[in-house]
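# Fold and contact review
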Amino acid sequence: SHKKHEQEHSQVYITILIQMSELAGADRFNINSQLEALQTRYVGTGHADVSKYEWIVNQHRDSLAQYVGKHSMLQYFAVAENESISRVGYQMKQKMLLPCGLPPPPKEEEGEDE
């Protein structure tokens, strides 16, 4: 189910990007609105205001999901780490919670006095 969802997501995103490269003017506006709809539907596609931290977390989670979803990749990592396949899969799933550690503290707006 998750794999099918990822494939559908990738195909839609690539199709929209190809269409954007072929169109101009008013058609680009329509494609941009479709891209915005895609970005709101799928968290990992990002948006204009995505922070570096959010972007890299999405990259790491996508990678970990890919590794866990492919048994041959789990076997590869298990051999490299001299661990069981199940343990490596479990560790990767746990790492998905905070793949890059805690988020940085929010930046305070300049000019605010407390």
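Preceding block: the structure.
Since we're looking at a predicted model, the values are computed, not measured.

### Re the overall build of the protein
For the protein, the helix and strand inventory stands at 5 helices and 0 strands. For the protein, buried positions account for 19% of its 114 residues. Pairs at least 24 residues apart make up 49% of the contacts formed inside the protein by residues separated by at least 6 positions.

### So, helix α5 (residues 85-95)
Within α5, the full set of buried residues consists of V88, G89 and M92. Burial along α5 is one-sided: seen end-on, the buried residues are contained in an arc of 100°. Exposed side of α5, more than 90 degrees from the buried face: S86 and Y90 are the residues found there.

### A few points about a nonpolar patch on the surface
There is a patch of nonpolar side chains on the surface, built from L97, L98 and L102 and spanning about 350 Å² of accessible area. Looking at the element boundaries, L97 is found in the segment after α5.

### Thoughts on the packing of aromatic side chains
According to the stated counting rule, one finds 2 aromatic pairs in the structure shown. Members of the aromatic cluster, connected to one another through ring pairs, are Y67, Y76 and F77.

### As for helix α4 (residues 71-81)
Given 3.6 residues to a turn, an α-helix orients residues that are three or four positions apart in the same direction. Among all positions in α4, only L74, F77 and A78 are buried. In a view along the axis of α4, the buried residues occupy a sector of 105°, so they form one face of it. Across from the buried face of α4, at angles greater than 90 degrees, the exposed residues are Y76, V79 and A80. A positive backbone phi angle near 55° is found at N82, which sits one or two residues after α4.

### Quick word on the environment of Q94
Relative to the elements of secondary structure, Q94 occurs in helix α5. Residues Q94 and L64, 30 residues apart in the sequence, show an inter-C-alpha distance of 10.0 Å.

### Digging into unusual backbone geometry
Within the chain, N82 stands out as a residue other than glycine whose phi angle is a positive 55°. The exposure class assigned to N82 is exposed, which follows from its relative accessible area of 71%.

### Details of the nonpolar core
Judged by nonpolar contacts, L64, V68, L74, F77, A78, V88 and M92 together constitute the single largest core of 7 residues. Listed by contribution, the elements that provide at least two residues to this core are α3 (52-69), α4 and α5. Top contributing element to this core by residue count: α4, with 3 residues. Every residue in contact with L64, bar those within four places of it in the chain, is listed here: M92, K95, M96 and P99.

Rules and cut-offs
Residues numbered from 1 in each chain as written. Predicted model: local features only at pLDDT ≥ 70, side-chain atom pairs only at ≥ 80, totals over all residues. Heavy atoms only, no water. Helix = DSSP H or I, 4+ residues; strand = E, 2+ residues; numbered from the N terminus. Buried < 20%, exposed > 50% of the residue type's maximum accessible area, 1.4 Å probe, protein only. Contact = heavy atoms within 4.5 Å. Arc of directions from axis to C-beta. Patch = residues over 30% accessible without salt bridge, like charges linked within 9 Å, V, L, I, M, F, W, Y side chains within 5 Å. Areas by Shrake-Rupley, 256 points an atom, 1.4 Å probe, with all protein chains shown as cover. Salt bridge = Lys/Arg side-chain N within 4 Å of Asp/Glu carboxyl O. Phe/Tyr/Trp six-rings, centres within 6.5 Å; stacked < 30°, edge-to-face > 60°. Core = buried A, V, L, I, M, F, W, Y, C linked by side-chain atoms within 4.5 Å.

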